[in-house]
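# Per-entry structural report
So you can see what is in the structure, the chains are spelled out below.
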Amino acid sequence: MDTIKRRSWAEPFKIKSVEPLRMTTREEREITIREAGYNTFLLKSKDVYIDLLTDSGTNAMSDYQWAGMMLGDEAYAGSENYYNLERMVKEYYGYKYLVPTHQGRGAENLISHILIKPGQYVPGNMYFTTTRLHQELSGGTFVDVIIDEAHDAQAEHPFKGNVDLNKFEALIKRVGAEKIAYITIGATVNMAGGQPISMENLRSVYQLASKNNIKVVFDATRAMENAFFIKIRERGYEKKTIKEILLEMCSYSDAATMSGKKDLLVNIGGFLAMNDDDVFEEARNMVVVYEGLHTYGGLAGRDMEAMARGIEEACQFNHLQARIGQVEYVGNRLIELGVPIVRPIGGHAIFLDAKKFYPQLEQLKFPAQTLAAELYLDSGIRAMERGIVSAGRSKETGDHYFPKLELVRLTFPRRVYTQAHCDVTVESVYEVWKNRATVKGLKMIYEPKYLRFFQARFEKL
Ligand code: PLI
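Okay, so let's go over this structure. Just so it is clear, the model here is predicted, and its values are computed rather than measured. (Residues numbered from 1 in each chain as written. Predicted model: local features only at pLDDT ≥ 70, side-chain atom pairs only at ≥ 80, totals over all residues. Heavy atoms only, no water.)

So, about the site of the ligand. Surrounding the ligand, one finds 17 residues, the nearest of these being Thr54, Arg105, Asp219, Ser259 and Lys262. A distance of 2.7 Å is found between an oxygen atom of the ligand and a side-chain nitrogen or oxygen belonging to threonine 54. The separation between a nitrogen atom of the ligand and a polar side-chain atom of aspartate 219 is 2.7 Å. Considering the ligand on its own, with 470 Å² of exposed area, one finds that the protein chains cover 94% of that surface. Mapping the ligand onto the cavity grids shows that it belongs to the second largest pocket. (Near = heavy atom within 4 Å. Polar contact = N/O pair within 3.5 Å; in protein donor to acceptor, adjacent residues only side chain to side chain. Areas by Shrake-Rupley, 256 points an atom, 1.4 Å probe, with all protein chains shown as cover. 1 Å grid on protein atoms, 1.4 Å probe; cavity = no way out; pocket = protein on both sides within 12 Å on 5 of 7 lines; lining within 4 Å. Sits in = over half its atoms within 2 Å of the grid points.)

Looking now at helix 12 (residues 317-336). Residue pairs spaced three or four apart in an α-helix point in one direction, given the helix's 3.6 residues per turn. Helix length check: helix 12 (20 residues) gives 27 Å between terminal C-alpha atoms against 28 Å at 1.5 Å per residue, within 8%. Those residues of helix 12 that fall on the buried side of the exposure criterion are His319, Leu320, Ala322, Arg323, Ile324, Gly325, Gln326, Val327, Val330, Gly331 and Leu334. Of the surrounding secondary structure, the elements contacted by the buried residues of helix 12 are helix 8 (223-233), helix 9 (242-251), helix 11 (301-314), strand 8 (349-353) and helix 16 (419-434). With its phi angle positive at about 85°, glycine 338 sits one or two positions after the end of helix 12. (Helix = DSSP H or I, 4+ residues; strand = E, 2+ residues; numbered from the N terminus. Expected span 1.5 Å × (residues − 1). Buried < 20%, exposed > 50% of the residue type's maximum accessible area, 1.4 Å probe, protein only. Contact = heavy atoms within 4.5 Å.)

This part is about the pairing of strand 2 (residues 121-124). Here four bridges tie strand 2 to strand 3 (residues 141-144), and the two strands are oriented parallel to one another. Note that in strand 3 the partner of glycine 124 across the bridge is aspartate 144. Regarding topology, helix 5 (residues 129-137) serves as the crossover connection from strand 2 to the parallel strand 3, and that connection is right-handed. (Pairing = 2+ DSSP bridges. Right-handed = clockwise from strand over helix to strand, strands pointing away.)

Let us look at the packing of helix 4 (residues 104-115) against helix 5. Here helix 4 crosses helix 5 at 30°, and the two axes come no closer than 9 Å. On the basis of their axis angle, the class for helix 4 and helix 5 is roughly parallel. For helix 4 against helix 5, the interelement crossing comes out right-handed. Here helix 4 contributes Arg105, Glu108, Asn109 and Ser112 to the contact with helix 5, which in turn contributes Thr130, Thr131, His134 and Gln135. (Axes fitted to C-alpha atoms, helices over the stretch in contact; angles between N-to-C directions. Parallel < 35°, antiparallel > 145°, perpendicular 65-115°, else oblique. Left-handed = near helix turned anticlockwise from the far one by under 90°.)

On to the state of the cysteines, then. Applying the stated criterion across every chain yields a total of zero disulfides. No disulfide involves cysteine 250; its nearest neighbouring cysteine sulfur is the one of cysteine 315, lying 9.7 Å away. For cysteine 250, a relative accessible area of 2% corresponds to the buried category. (Disulfide = S-S within 2.5 Å.)

Structure, rendered in structure tokens:
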């Protein structure tokens, strides 16, 4: 059997349990999206057909993970599942210490509190919404040091998540190393389109940071997907396993924040991991204030067990090939149809270039917000705005940030949708693309103070 050459890959699993989908009519969707203030976050899940809002917590768990849920040790202190998770984190990510948190932003809150002194800077390879907000709430100022290509939807670069070392060095020179709390390194970079960072760049960043006594905090949320890209794109890594690559990636950092809801195939969970004794001591103290005791951090024992088992499954090459292959399949079909998307195709999502869909709309008519609403109207598919609404406002001036990228993210939950769902999605995006000329945009009528994209409301212009 091994000698048969396969022409194509397929998912390395079959489906044991199904969840029915509900289809609605366009007339029904006209009402539901208006009631949701043209914000896909405010739609009810029952009114959504194919849900591509996020890959966060929306993954399908395996029978092995569900079996682990039954082995939840729900003791308040010292749960067996905590020790299983600790062992797996050490084995796969390599960090000495583990502090579980309810999800990624819980870990971001802890590390920001511990390492940032008011007035300090926190460079990073592009912002992420919750990460930057926690840095700001701790008195820090985020500085973007990603390469310029990352801000250009069409720039072809195999590692668009790379840090521009000149930008990082210039910041060190300008403000002084002691004014830099740490540097955050995302892998892959969500807001740039799920783009990976290279091992060579990770190594160089760590060298430059260490030379200046600056810590590197790694956002490992989708690091296994990043490891897959390193394996297939970076010379010298073709023969290494994902596990070996991941361990090397993490070795170029001092600590990691993690949202287990992505790579790790669970519906809830996260952690903070680190090598430094003092940081661990602080985090262990602080986690009891915000999350729960240091052996559960806001999670049930069963959730920690599912995450521990998810680490093992997510690190398999076949799994990552099918996961990233599905995203690539959708991207390539859209490219063939001439639909403008962020290139190269990223790891967890396809990002539609809303500026190219609607050149008639200035940014304050919210082209990406509009496009997400139009897609929902066409087919009941739910996507997410990643443009000016997500970017928010400057904490200094109060003005909108005007990001260069105005994108709509079609995010693929892991192991949830089939190729036929992908085809339906492509057809709907193409329909919206064909009808792009007459679209008039939106007006914001309600703006929350923090992370406004979640709850902002709009009206049609
Ligand atoms: O949603 P959390 O709190 O578990 O994780 C926050 C978080 C941190 N880093 C990165 C790169 C993320 O993508 C992230 C959450 N992302 C969400 C919710 C998303 O839809 O992409």
